[in-house]
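Per-entry structural report
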Amino acid sequence: MHRSGISVGRALRDSFERAAVDRKGLIKLKIQDEEVVEAASRLMTENIESDFNQMADLVESNEPCYFAFRLDRRSNTPEWALVSFVPDGSEVRSKMLYASSRSAVKEQLGASYFVHDLFCSTQDELDYRLFLQSREQEMATKPLTEREMLLKQEARLEKDVSVRSVAIGGVTVDITSSVSAEMDRFAAGEVNWIELCVDVTSGSEDLRVVRSTTVDSAVIQEHVNASEARYYIVRLSHRRPGDNVLLTADVFVFFCPDAATVKTKMIYSTFKAAVLKAAAASHITFAKTLEARSVGEVSEPAIVDELYPNVGVKSAISQSFAKPSRPGKGKAKIEKAEF
């Protein structure tokens, strides 16, 4: 499953480690400049319900955040709950960022400290009585391991994928009619190159066509935008290593340069499944699905190596162990001895 690459700041880690000594019972966490930081905190009191309900006063309208809430009151090895507050009115990118960073927050602060998760989208849900109900329901079911929880979440993200509008973890990816039309043209052989992007300028993440054309397979790397994340759908004309037969293969390339922002990497990684579903609906079957970070990885030789990973090796081995030819030309002659 994709992780966002967000890290927990040193100041927050130090604060969390000292929480038991400082008697902090509630810490508000926010993602700021690609780092999780402490936004606010409250000391423990004798009234755990009142402590918990303070979260509702600390949230901001349509602004996601996390809360680390201490469940025990006296232990030297405290147990915490991680509360994810993601309002329905939040920006799509913020929703995705907080959803994909939750596990990293727990891991970097110490996964063993967190014994419960709570997901809320309204202030009314930040209520201690509702929290207790959630805990009781969780305990009534078979406990899941961390890996099982991640797999369950991943399955939830990938289900209910449709062609025109794809829902991924509560985020809708709109497949515009122009995208579907160009994929149909590709399937019909009218073009052999489609460049797609996720448009984030309009406030909603829409998949759009940047370019649809016919290119020379020998120089396809010249058509790659080296500085921007993109999806490329390519029909590669090539010759298989070892023979001269001209073949074609449909290849999907998810291109994301190292210089891309964390948000961009996360958005494109998340929407990849939607693009593949849309291509399948247009009856495009990919011989290979690739991920690339540099232009050189999208060249014809590089893709051919991916299509036939063992052919070159086998050819080299065959040649190195080939039986040496008999010296001279022609077939060996057997001369009849004269008596």
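The rules behind the values
Residues numbered from 1 in each chain as written. Predicted model: local features only at pLDDT ≥ 70, side-chain atom pairs only at ≥ 80, totals over all residues. Heavy atoms only, no water. Helix = DSSP H or I, 4+ residues; strand = E, 2+ residues; numbered from the N terminus. Expected span 1.5 Å × (residues − 1). Phe/Tyr/Trp six-rings, centres within 6.5 Å; stacked < 30°, edge-to-face > 60°. Buried < 20%, exposed > 50% of the residue type's maximum accessible area, 1.4 Å probe, protein only. Lys NZ or Arg CZ within 6 Å of the ring centre and 35° of its normal. pLDDT = per-residue confidence, 0-100. Contact = heavy atoms within 4.5 Å. Core = buried A, V, L, I, M, F, W, Y, C linked by side-chain atoms within 4.5 Å. Pairing = 2+ DSSP bridges. Lys, Arg positive; Asp, Glu negative; His and termini not counted. Salt bridge = Lys/Arg side-chain N within 4 Å of Asp/Glu carboxyl O. Axes fitted to C-alpha atoms, helices over the stretch in contact; angles between N-to-C directions. Parallel < 35°, antiparallel > 145°, perpendicular 65-115°, else oblique. Nonpolar A, V, L, I, M, F, W, Y, C, P; charged D, E, K, R; others polar.

Below, the discussion takes up helix H5 (residues 92-109). Structurally, the α-helix is built with 3.6 residues per turn, so residues lying three or four positions apart point the same way. The terminal C-alpha atoms of H5 lie 26 Å apart, and with 18 residues this matches the ideal 26 Å at 1.5 Å per residue to within 8%. Positive backbone phi, approximately 120°, marks Gly 110, located one or two places after H5.

Under the criterion given, the structure shown has 14 aromatic pairs. Aromatic pair Phe 16 and Tyr 113: ring centres 5.9 Å apart, planes at 70°, arrangement edge-to-face. Of this pair, Phe 16 sits in helix H1 (residues 10-17) while Tyr 113 sits in the loop between H5 and strand E6 (114-120), placing them 97 residues apart in sequence. The class for Phe 16 is buried, based on a relative accessible area of 6%. Judged by relative accessible area, Tyr 113 falls into the partly exposed class, the value being 35%. Taking 5.0 Å as the distance between ring centres and 50° as the angle between the ring planes, the aromatic pair formed by Tyr 66 and Tyr 98 counts as tilted. Of this pair, Tyr 66 sits in strand E4 (residues 65-70) while Tyr 98 sits in helix H5, and the two are 32 residues apart along the sequence. For the pair formed by Tyr 66 and Tyr 98, the shared burial category is buried. Between the NZ or CZ atom of Arg 235 and the centre of the ring of Phe 186, over which it lies, the distance is 4.2 Å.

Residue-level pLDDT values for the protein average 80, and 76% of them are 70 or greater. The low-confidence segment residues 150-171, where pLDDT is below 50, has 44 contacts with residues more than four positions distant or belonging to other chains. Below a pLDDT of 50 lies the segment residues 313-323, which in the model reaches zero contacts outside its immediate sequence neighbourhood of four places, other chains included.

Attention now goes to the nonpolar core. Counting 46 residues, the largest nonpolar core has Leu 29, Met 183, Leu 196 and Tyr 231 as the members making the most contacts within it. Looking at this core element by element, the count peaks at eight residues for helix H9 (residues 262-281).

Let's shift gears to the pairing of strand E3 (residues 35-43). Remark: a regular strand shows side chains that alternate across the two faces of the sheet. For strand E1 (residues 7-8) and E3, the ladder comprises two bridges, and the chain directions are parallel. The partner of Val 8 across the bridge, within E3, is Val 36. Bridging between strand E2 (residues 24-32) and E3 involves eight bridges; their strand directions are antiparallel. What sits directly across from Leu 26, in E3, is Arg 42. Between the antiparallel neighbours E2 and E3 lie two residues, among them Asp 33 with a positive phi of about 55°.

With that out of the way, let us pick up the side chain of Glu 300. As for its position among the elements, Glu 300 is in helix H10 (residues 300-307). The charged side chain of Glu 300 is buried without a salt bridge, its nearest counter-charge being Arg 239 at 7.7 Å.

This next bit is on the packing of H5 against H9. At a closest axis distance of 10 Å, the pairing of H5 and H9 adopts a crossing angle of 85°. It follows from the interaxial angle that H5 and H9 lie roughly perpendicular. Each of Arg 93, Met 96, Leu 97 and Ser 100 in H5 lies in contact with H9, whose residues at this interface are Lys 263, Met 266, Ile 267, Thr 270 and Phe 271. Looking at the contact of H5 with H9 residue by residue, the class counts come to five nonpolar, two polar and two charged.

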